[in-house]
Amino acid sequence: RKEVEQDPGPFNVPEGATVAFNCTYSNSASQSFFWYRQDCRKEPKLLMSVYSSGNEDGRFTAQLNRASQYISLLIRDSKLSDSATYLCVVNKYAGVYNKLIFGAGTRLAVHP
Amino acid sequence: GAGVSQSPRYKVAKRGQDVALRCDPISGHVSLFWYQQALGQGPEFLTYFQNEAQLDKSGLPSDRFFAERPEGSVSTLKIQRTQQEDSAVYLCASSRGAGHTFGSGTRLTVV
């Protein structure tokens, strides 16, 4: 079983739709959680950190459920420019540093 | 520099050839990571440097893979006797805290 699991999609949604991505992780000791965005043939870029209390950044809302080891990302009012792969990321403490473990990503395609 | 710089951007190698991939991290970033990203997958950890010290190389897939960062700045990932399964995007990232800043990657194709 992979340490971080995501639904690969693709999610095909019309502009203006609300879409939610889920992710589960296996390491209960993980302390830091992130969503990264990766455009086709580009490098991953940090979208937002995820906190236990939940956090919102404009149209994007991230939630963390530590008990269920579950992370979510909600995108409201989808734009064409939101089309990308969304990577769920958790940290794994490796003794002297924090290693980031990436999920395989969920592809989102927003169409007119 | 302003960001993480990687070169070459693309590399085609014949099977059995040796390759060297370069990473120039953000100035002052102590931590440097190498990842391998296969098509349709997320980045997979290869190795980690703290300054010039390679503290974790547990992700290197075989002894054909070697990485160095001799002066704690520029890093080189070397792959000897390349195989077709080495074809992937190799990403370098540097950080000063929890998050990573990635370079654009080197797309390696072994033919």
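Residues numbered from 1 in each chain as written. Chains lettered and ligands numbered in written order. Predicted model: local features only at pLDDT ≥ 70, side-chain atom pairs only at ≥ 80, totals over all residues. Heavy atoms only, no water.

Our next topic: the overall build of chain B. The number of helices and strands found in chain B is zero helices and 11 strands. For chain B, the succession of helices and strands along the chain, N to C, is β-β-β-β-β-β-β-β-β-β-β. Here the C-alpha radius of gyration of chain B, 13 Å, is about what a compact globule of 111 residues would show, namely 13 Å. Here chain B, with 111 residues, has 46% of them falling under the buried criterion. Pairs at least 24 residues apart make up 50% of the contacts formed inside chain B by residues separated by at least 6 positions. Approximately 5,300 Å² of chain B is accessible, and the part contributed by carbon and sulfur atoms is 46%. Positive and negative side-chain charges in chain B, numbering 12 and 10 respectively, have mean positions lying 7 Å apart. (Helix = DSSP H or I, 4+ residues; strand = E, 2+ residues; numbered from the N terminus. Rg over C-alpha atoms; globule rule 2.2 N^0.38 Å. Buried < 20%, exposed > 50% of the residue type's maximum accessible area, 1.4 Å probe, protein only. Contact = heavy atoms within 4.5 Å. Areas by Shrake-Rupley, 256 points an atom, 1.4 Å probe, with all protein chains shown as cover. Lys, Arg positive; Asp, Glu negative; His and termini not counted. Charge placed at Lys NZ, Arg CZ, Asp CG, Glu CD.)

Attention now moves to the state of the cysteines. Scanning all chains against the criterion turns up two disulfides over all chains. Through a disulfide, C23(A) is tied to C88(A); the S-S separation comes to 2.0 Å. Taking the sign of the S-S torsion, -75° for the link of C23(A) and C88(A), the bridge is left-handed. Linking C23(A) in strand 3 (residues 19-25) with C88(A) in strand 9 (residues 84-93), this pair joins segments that are 65 residues apart in sequence. Using a relative accessible area of 0% as the deciding quantity, one classes C88(A) as buried. Here C23(B) pairs with C92(B) through a disulfide, and the sulfurs are 1.9 Å apart. Judged by the sign of its S-S torsion, about -65°, the cystine formed by C23(B) and C92(B) is left-handed. Residue C23(B) is located in strand 3 (residues 19-24), and its partner C92(B) is located in strand 9 (residues 88-95); the two are separated by 69 residues in the primary sequence. Classification of C23(B) by relative accessible area gives buried; the value is 0%. The class for C92(B) is buried, based on a relative accessible area of 0%. (Disulfide = S-S within 2.5 Å.)

Further remarks concern the sheet that holds strand 8 (residues 75-79) of chain B. Residue and element names in this part refer to chain B. Taken together, the four strands give an open sheet; going across it, the order is 1-3-8-7, and neighbouring strands pair in antiparallel fashion. Both outer strands of the open sheet, strand 1 (5-7) and strand 7 (65-68), are each paired with one neighbouring strand and no more. Taken pair by pair, the neighbouring strands of this sheet meet at an average axis angle of 15°, ignoring direction. As judged from the five bridges shared by strand 3 and strand 8, these two strands associate in the antiparallel manner. (Pairing = 2+ DSSP bridges. Axes fitted to C-alpha atoms, helices over the stretch in contact; angles between N-to-C directions.)

Turning to the layout of surface pockets, a few remarks are in order. Roughly 690 Å³ of internal volume is contained in the largest pocket. Lining the largest pocket are 30 residues, with R41(A), Q37(B), L39(B), G40(B) and R107(B) positioned closest to its centre. Elements with a contribution of two residues or more to the lining of the largest pocket: strand 9 of chain A together with strand 9 and strand 11 (106-110) of chain B. Ranked by the residues each element gives to the lining of the largest pocket, the list is headed by strand 11 of chain B, at four residues. The class makeup of the residues in the lining of the largest pocket is 12 nonpolar, 11 polar and seven charged. What the second largest pocket holds in volume is close to 230 Å³. Looking at the lining of the second largest pocket residue by residue, the classes come out as seven nonpolar, three polar and four charged. (1 Å grid on protein atoms, 1.4 Å probe; cavity = no way out; pocket = protein on both sides within 12 Å on 5 of 7 lines; lining within 4 Å. Points joined across faces, edges and corners; volume = space filled by probe spheres on them. Nonpolar A, V, L, I, M, F, W, Y, C, P; charged D, E, K, R; others polar.)

Attention now goes to the sheet that holds strand 6 (residues 55-57) of chain A. All names here are of chain A. Strand order in this open sheet of five strands is 1-3-8-7-6, and the pairing throughout is antiparallel. In this open sheet, the two edge strands, each paired with only one partner strand, are strand 1 (4-6) and strand 6. Here the strands of the sheet are splayed against their neighbours by 20° on average, with no regard to which way each runs. Looking at chain direction, strand 6 and strand 7 (residues 60-65) are connected through three bridges and run antiparallel. Directly across from E56, in strand 7, lies its bridge partner T61.

Time to look at the environment of F45(B). Checked against the element boundaries, F45(B) lands in strand 5 (residues 44-50). Those residues in contact with F45(B), other than ones at most four positions away along the chain, are Y97(A), K99(A), F33(B), W34(B), Y35(B), D56(B), S58(B) and G59(B).

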